[in-house]
Amino acid sequence: MAEKQLYTKQGYQELVDELKYLKLTRREEIKEQIAIARGFGDLSENAEYDEARTEQAKVEARILELESLIENAEVIDEKNMDMRTISLGSVVHLHDEDKGEDVTYSIVGSNQADALVRMISDQSPIGRALMGHRAGDTVTVSTPVGERRFTIVDVNRAGVHNA
């Protein structure tokens, strides 16, 4: 059995929405592309047909992956969480003591992480070090490029701001 993966409610809903889109919309679009490509004649030299079949395989693989992720998902219950303590779903405003700059990260499950939009995994070095801390704490993080120090300026939940 696969290990349970933690998701925020929003992250879980994104998986469900993508699966629904792929099954109900994208599959039908690809079926139409294949039907049109078949009409072009000889399938052995039909680039449109090959392209549509390749896309179909990618979509079917993603559907299987999403079904597995959803089956093994555990959605965190944010209602009973201390909103001031960093946990999955927190939006954390930090001051990087070493670089002298401010940065904001959203703490998400490992399958939701996207460094380009500053969504970091709770299992990443910075995410793991921040878990359980509060505004005002200074945290030292061991990263692949050396130790870094962050002071936690503020902790919020996505879409919620502390008073």
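Heads up: the structure comes first, above all this text.
Anyway, here's the lowdown on the structure attached to this text. (Residues numbered from 1 in each chain as written. Predicted model: local features only at pLDDT ≥ 70, side-chain atom pairs only at ≥ 80, totals over all residues. Heavy atoms only, no water.)

**Focus: the overall build of the protein chain**
Condition: Strands here are runs of E lasting at least two residues and helices are runs of H or I lasting at least four, both read from the DSSP assignment and numbered beginning at the N terminus. Radius of gyration: C-alpha atoms only; globule rule: 2.2 Å multiplied by the number of residues to the exponent 0.38.
Of the regular secondary structure elements, the protein chain holds three helices and seven strands. Put simply, the protein chain runs from its N terminus to its C terminus through helices and strands in the order β-α-α-β-β-β-β-α-β-β. Rg of the C-alpha trace for the protein chain: 21 Å, well past the compact-globule value of 15 Å for 163 residues, more than 25% over. For the protein chain, the spread of C-alpha atoms along the three principal axes comes to 70 × 35 × 35 Å.

**Section: the pattern of salt bridges**
Rules: Here, a salt bridge means any side-chain nitrogen of Lys or Arg that lies within 4 Å of a carboxyl oxygen of Asp or Glu. Only protein chains enter the area calculation, which uses a 1.4 Å probe; residues under 20% of their type maximum are buried, those over 50% are exposed, and those in between are partly exposed.
Scanning the model with the defined rule gives nine salt bridges in all. Among the ionic pairs, Glu29 bridges to Arg26, the shortest N-O distance being 2.8 Å. In this pair, Glu29 and Arg26 both sit in helix H1 (residues 9-38), three residues apart, roughly one turn of the helix. Taking the relative accessible area as the measure of exposure, Glu29 reaches 32% and is therefore partly exposed. Overlapping salt bridges, with partners in common, bring together Glu18, Arg62 and Glu65 in one network.

**Side note on the side chain of Asn156**
In plain terms, the rule: In protein, a polar contact means a hydrogen-donor-capable atom and an acceptor-capable atom, both N or O and within 3.5 Å, with residues adjacent in sequence counting only if both atoms are side-chain atoms; elsewhere, any N or O pair within 3.5 Å suffices.
Residue placement: Asn156 occurs in strand E7 (residues 146-157). Here Asn156 falls in the buried class, since its relative accessible area comes to 2%. Separated by 3.1 Å, the side chains of Asn156 and Asp154 make a polar contact.

**Observations regarding the environment of Val103**
Note the cut-off: We call two residues in contact whenever any of their non-hydrogen atoms come within 4.5 Å of each other.
Tracing the backbone shows Val103 in strand E4 (residues 101-108). Using a relative accessible area of 10% as the deciding quantity, one classes Val103 as buried. Measuring from C-alpha to C-alpha, the distance between Val103 and Lys23 comes to 38 Å, with 80 residues separating the pair along the chain. Once you skip the residues sitting within four places of it in the chain, Val103 turns out to touch Val92, His93, Leu94, Arg118 and Phe150.

**Some words on the environment of Val16**
Position of Val16 relative to the elements: it lies in helix H1. Judged by relative accessible area, which is 28%, Val16 ranks as partly exposed. Along the sequence, Val16 and Ile86 sit 70 residues apart, while their C-alpha atoms lie 26 Å from each other.

**Side note on the layout of surface pockets**
Take a probe with the size of a water molecule and roll it over the atoms, and the empty space left behind shows itself. In plain terms, the rule: Of the grid points, spaced at 1 Å and generated over the protein atoms alone, those admitting a 1.4 Å probe that cannot get out make up cavities, while open sets with protein on both sides within 12 Å along at least five of seven lines make up pockets; any residue with an atom within 4 Å of a point is treated as lining. Grid points are joined across faces, edges and corners, and a volume is the space filled by probe spheres set on the points. Classification convention: Asp, Glu, Lys, Arg as charged; Ala, Val, Leu, Ile, Met, Phe, Trp, Tyr, Cys, Pro as nonpolar; all other residues, Gly among them, as polar.
Quantified by volume, the second largest pocket comes out at close to 150 Å³. The wall of the second largest pocket is formed by Tyr7, Gly11, Glu14, Leu15, Arg62, Glu65, Leu69, Asn111, Gln112 and Met119. Those elements that provide at least two residues to the lining of the second largest pocket are H1 and helix H2 (47-71). Taken together, the residues of the lining of the second largest pocket break down into four nonpolar, three polar and three charged.

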